[in-house]
Amino acid sequence: MSTTKGERREWLARSREAINQLPLNELFELPGRPHVVYQIRSYANTGSSLAEAASQARSDMPFLFKAFETGQIGPKRMAKMHGGKPRVATIHEYLDWTITAQSSTEDDELDFGGFRVVVILPRYVSPWPYPGDPGNCEGKKAHPDLGGPLPPFPLLQTHGRPMCAATIRSGPGYLEVPFVATQEHKRGKGYCRCLVEAIEEIARALKLEKLMLCSTNDPIVKSTWHHLNFDFASEEEMEAWDIPHADLVYLQNTTQMHKVLPPPGQYRPIVIKHKDFKQRTYARLDPVVKRPRLHTAPPKKNPPKKPAMGKGPPASAAAPTMSTEPPNSQPSKGPPQQQPPHQHAQQEAMPSCQAHSGASLGREDTGAESRDGEEVLLGSTGGHAGFSRGRESVIE
């Protein structure tokens, strides 16, 4: 590996071209997540200028910008404060440069080239398709390594705006993820976990080994990423991997984290049929590895119940409790807006969901009609999901 600055930049540029082989604006399904789809977007060539491309991205994903820009000084006010003199970049400019993938022209400039945006969208499936509905047919795989193992059925459609988004860029052996955000009213519902699964699938398609992510030093944020199986990367590990901070979009007051890609999950295809309705989904067979959250807050203390008159020990005899509350951290005294802050706090993600209630079918559940290794569930007029061991697995 070359050590000069110009040669290293050329080497990085070649490694970042790998993501260009992935199709843009195509919908992909996530196995085991029948309610969402994901999409890879590029705003590098949107509009005739940086301002128009950034404006289009802000219109499509306002929550991604709001999550980082709220309470921060904008570029116009920053320029006025410095009187036209050279100044540091604001978080607004960092986001615009990252999402629009602005490449550098000089060796001493920050390089934002090669970035793409991954979004999670709600999936639309018609519950009552009419006979011959063109949307109720099997689709085609847009990429052999993205999406489910089999072609989607029915066609992948969406009827909403992005609920979760992240910026990604390929590098030598890793996929960089500097910005992640979820709509405010969609947090705590597992969409961030779906987004991480989509990013992992993209990294596997590019033959990359790990994810590189920056997290703020906020305990809740770090606990969330640890819950999603991210680990803290020490300076020694970064040096051993030959990943200097200058190669990444590295921001002040952040902690570098990484995740070694797990093997892909094992899924069993299931076809659900009811009259003219038909959908292929997947049930996960291997267990999902989950981590406990880091201790970021003291346990809740329930007020002691007042004993009845003449019963129980006196209040002075109550057992003492131990507080696990960490010491309060002091705010930084440095000047504001020296470097843009990073990583909006992600809320708790929901556990891995199955395609239907009770859909984790083992090998002993062979009563359903089978075709090419798929379980076929024939629907009835009932409203609850369930399975039986008769001739057919029936949803009733």
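The preceding data block contains the structure.
Bear in mind that the values here come from a model prediction, so they are computed numbers and not experimental data. (Residues numbered from 1 in each chain as written. Predicted model: local features only at pLDDT ≥ 70, side-chain atom pairs only at ≥ 80, totals over all residues. Heavy atoms only, no water.)

Asker: Looking at this structure, how should I read the pairing of strand S11 (residues 277–284)?
Answerer: Each regular strand carries side chains that alternate between the two faces of the sheet. With respect to burial, S11 is a largely interior element, seven of its eight residues being buried. Pairing of strand S10 (residues 267–274) with S11 involves eight bridges; the strand directions are antiparallel. Residue pairing across strands places Val 271 opposite Arg 280, the latter belonging to S11. If you look at the hairpin formed by S10 and S11, you'll find two residues sitting between the two strands, and Lys 275 has a positive phi there, around 55°. (Buried < 20%, exposed > 50% of the residue type's maximum accessible area, 1.4 Å probe, protein only. Helix = DSSP H or I, 4+ residues; strand = E, 2+ residues; numbered from the N terminus. Pairing = 2+ DSSP bridges.)

Asker: Is there a simple way to explain the nonpolar core in this structure?
Answerer: Nonpolar side chains tend toward joint burial in soluble globular proteins. Judged by nonpolar contacts, the single largest core of 37 residues is most densely connected at Tyr 38, Ile 120, Leu 175, Ile 202 and Trp 225. Counting only elements with at least two residues in this core, the list comes to strand S1 (27–30), strand S2 (33–41), strand S3 (116–122), strand S4 (164–171), strand S5 (174–177), helix H6 (191–205), strand S7 (210–216) and helix H7 (219–227). Here this core gets 10 residues from one element, more than from any other, and that element is H6. Not counting residues up to four positions away in its chain, the partners in contact with Ile 120 are Leu 30, Val 36, Val 37, Tyr 38, Arg 161, Pro 162, Met 163, Cys 164, Tyr 191, Cys 194, Leu 195 and Ala 198. The next biggest cluster of nonpolar side chains, apart from the first, holds 27 residues, and it includes Leu 95, Phe 112, Ala 181 and Leu 251. (Core = buried A, V, L, I, M, F, W, Y, C linked by side-chain atoms within 4.5 Å. Contact = heavy atoms within 4.5 Å.)

Asker: I'm lost on the environment of His 92 in this one. Help?
Answerer: Topologically, His 92 is positioned in helix H5 (residues 91–99). Expressed as a C-alpha distance, the spacing of His 92 and Phe 68, which sit 24 residues apart in the sequence, is 8.1 Å. If we skip the residues at most four places from it in the chain, His 92 touches Arg 58, Glu 69, Gln 72, Ile 73, Gly 74 and Pro 75.

Asker: Even after reading the chapter, I still don't get H7, so can you show me in this structure?
Answerer: An α-helix turns once per 3.6 residues; consequently, residues spaced three or four apart project the same way. All of the buried residues along H7 are Val 221, Ser 223, Thr 224, Trp 225, His 226 and His 227. Buried residues belonging to H7 abut strand S6 (180–182), H6, S7 and strand S9 (254–260). Measuring from the side-chain oxygen of the N-cap residue of H7 to the backbone nitrogen of Ile 220 gives 2.9 Å; that N-cap residue is Asp 218. Positive phi appears at Asn 229, one or two residues downstream of H7, with a value of about 70°. (Polar contact = N/O pair within 3.5 Å; in protein donor to acceptor, adjacent residues only side chain to side chain.)

Asker: Where do I start with the pattern of salt bridges in this structure?
Answerer: Considering all chains together, one arrives at 14 salt bridges under this definition. Taking the shortest distance from any N to any O, the salt bridge between Asp 96 and Arg 58 comes out at 3.1 Å. Of this pair, Asp 96 sits in helix H5 while Arg 58 sits in helix H2 (residues 50–60); the two residues are 38 residues apart in sequence, bridging distant segments of the chain. Arg 204 is paired through a salt bridge with Glu 200; the nearest N and O atoms lie 3.7 Å apart. (Salt bridge = Lys/Arg side-chain N within 4 Å of Asp/Glu carboxyl O.)

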